[in-house]
Amino acid sequence: MVERAFELLDNKQTTRVENIYLSPVASYTCKDWLAQEKDILFKKYPLLVAFSCDLPRVGDFLTNDDTGVPILLVRDRTGGINAFYNTCRHRGAQLAKGCGRAQSGLTCPYHAWTYDFTGALKIVPDQVSFPGVDKAEHGLIKLPVIEKYGMIWVCPTAGEDFDIDAQLGGLNNGFVEDLQSYQFENYHPYAQRRLHCKMNWKLMLDTFLEAYHFAPLHATTVGPLLHHNLCLLDTYGQNLREAVIRKSIDKQRDQPKESWDIVPDSALVYLLFPNSGLVMQRDHVELWRSYPLDGKPNECIVQMDYYIPEPAETASAKDHWERNMDLAVRTVLEEDIPGVEGIQRGLSSGAISHSTFGRNEPALIHFQREVAKAIGRD
Ligand code: FES
Ligand SMILES: [Fe+2]
């Protein structure tokens, strides 16, 4: 990748595809389009719901309501991870809220039915009032879940088993190898931000998928650190890896080729189809997830999780990460998001019928086409 970056730099090039792509505005504004995306992408696909380090110990749990299906993740006594509908078998109450560590089991706040960490129903208070109700048949309803590469994926429909490696484009490809090499299982959650944005859910991911906006939009933040309009792209099935290049890469020219390393002098964006973007930023990783809201093509929930390789214990470590976070947050929250919310208002106004993606925006084109294909609208 370093070699490819130097080649492009030396020839004043970027990765270009053959043709421009006209992306219909309906993809960002149409309620039927969104309904299909919700039914297919947010119901039938494996979605990245957490890093393993979000639930390191027995009894750790985490909930997610963003797909429209209430999801509950729990780590059990064997160290395995379980996913359930966060729905009590008595009368359907929400079993757990937020995240935390349960001591001995999961007790419903409504009438105190209690389940163990594998979802088995253990306690029914006043059980004589439930004749014929067999505890063995009233465990929590499981959702398909896979934990691999320090990450956890759930499909929000019972019975829809999945093969995560197939979804990531197959084993032994650069994508899976990269994810494995970072050893995210050893990372630590540092911070989290949740935002309600006035934009289509895809626009949030679009903002990471081209380097053409760096110089104008990020003139005073990350613009000066990055090569403008330069990206490397590799696609893996519906997913992609895009590298944008830091100007600091030049110092590697003097070093032997065997020691070249793309990670310190780039930002690597991994789009995990459909709705997650991992951004590897040298010494930490940001996970950006975007979720549509029912019936609202022009709104989304964005969650950013910031993971670091060592726990931030000392004052100087905390200071380092705060400053780092501040740059990420300022760039995205104060520049990208307002810019993209402006795009959404423009698209919603009906002024234009399509967006024009340039040959120099190949990652954007790949993502849009894969979404359109997945819902049968390519
Ligand atoms: S709804 Fe959970 S115990 Fe009644
Ligand atoms: Fe940006």
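Residues numbered from 1 in each chain as written. Chains lettered and ligands numbered in written order. Predicted model: local features only at pLDDT ≥ 70, side-chain atom pairs only at ≥ 80, totals over all residues. Heavy atoms only, no water.

Let us now look at the overall build of the protein. Within the protein one finds 9 helices and 20 strands. Scaling as 2.2 N^0.38, a compact globule of 378 residues should have a C-alpha radius of gyration of about 21 Å, and the protein matches this with 22 Å. The principal-axis extents of the C-alpha atoms in the protein amount to approximately 80 × 50 × 35 Å. Here the protein holds 378 residues, and the buried ones make up 53% of them. (Helix = DSSP H or I, 4+ residues; strand = E, 2+ residues; numbered from the N terminus. Rg over C-alpha atoms; globule rule 2.2 N^0.38 Å. Buried < 20%, exposed > 50% of the residue type's maximum accessible area, 1.4 Å probe, protein only.)

The next point concerns the coordination of the iron ion (ligand 2). Around a metal, the ideal angle is 109.5 degrees if four donors adopt a tetrahedral arrangement and 90 or 180 degrees if six donors adopt an octahedral arrangement. Taken together, His213 (NE2), His218 (NE2), Asp336 (OD) and Asp336 (OD) make up the full set of protein donors to the iron ion (ligand 2), lying 2.1 to 2.7 Å away. Geometry at the iron ion (ligand 2) is irregular, judged from its 4 donor atoms and the angles of 52 to 148° they form at the metal. Along the chain, the residues that donate to the iron ion (ligand 2) are spaced as H-x4-H-x117-D. Here His218, found in the loop between helix 7 (214-217) and strand 14 (226-236), pairs with Asp336, found in helix 8 (residues 315-348); they are 118 residues apart in sequence, far enough to count as distant. (Donors = N, O, S within 2.8 Å, 3.2 Å for Na, K, Ca; no water. Tetrahedral: all angles 85-135°; square planar, octahedral: opposite > 155°, others 65-115°.)

Here we take up the domain arrangement of the protein. Split into domains, the protein comes out as domain 1 (2-43 + 185-374) and domain 2 (47-161). One C-alpha centre belongs to domain 1, the other to domain 2; they are set 32 Å apart. Residue-level contacts link 22 residues of domain 1 with 18 residues of domain 2. Together, the buried faces of domain 1 and domain 2 total about 1,500 Å²; carbon and sulfur atoms form 59% of this surface. Where domain 1 meets domain 2, there are 1 salt bridge. Of the charged contacts, one joins Asp66 and Arg194 as a salt bridge, the two residues approaching to 2.9 Å between their closest N and O atoms. Looking at the side of domain 1 that touches domain 2, the elements that each hand over two or more residues are strand 13 (188-197), strand 17 (276-281), strand 18 (284-293) and strand 19 (296-308). If one sorts the elements of the side of domain 1 that touches domain 2 by residue count, strand 18 sits on top with 5 residues. Classifying every residue of the side of domain 1 that touches domain 2 gives 13 nonpolar, 4 polar and 5 charged. (Domains from an automatic or database assignment. Contact = heavy atoms within 4.5 Å. Buried area = accessible area lost by both parts, 1.4 Å probe. Salt bridge = Lys/Arg side-chain N within 4 Å of Asp/Glu carboxyl O. Nonpolar A, V, L, I, M, F, W, Y, C, P; charged D, E, K, R; others polar.)

Two residues of an α-helix separated by three or four positions point the same way, owing to the 3.6 residues in each turn. End to end, helix 8 covers 46 Å across 34 residues, agreeing with the expected 50 Å (1.5 Å per residue, within 8%). Immediately beyond the C-terminal end of helix 8, within one or two residues, lies Gly350, with a positive phi of roughly 85°. (Expected span 1.5 Å × (residues − 1).)

Summed over all chains, the structure comprises 18 aromatic pairs. Centre to centre, the rings of Phe42 and Tyr291 are 6.4 Å apart; their planes meet at 50°, and the pair counts as tilted. Separated by 249 residues along the polypeptide, Phe42 in the loop between helix 3 (31-40) and strand 2 (47-51) and Tyr291 in strand 18 bring together distant segments of the chain. Judged by relative accessible area, which is 1%, Phe42 ranks as buried. Connected via pairs of aromatic rings, a cluster forms that spans Phe51, Phe175, Tyr182, Phe184, Tyr187, Tyr236, Tyr270 and Tyr307. (Phe/Tyr/Trp six-rings, centres within 6.5 Å; stacked < 30°, edge-to-face > 60°.)

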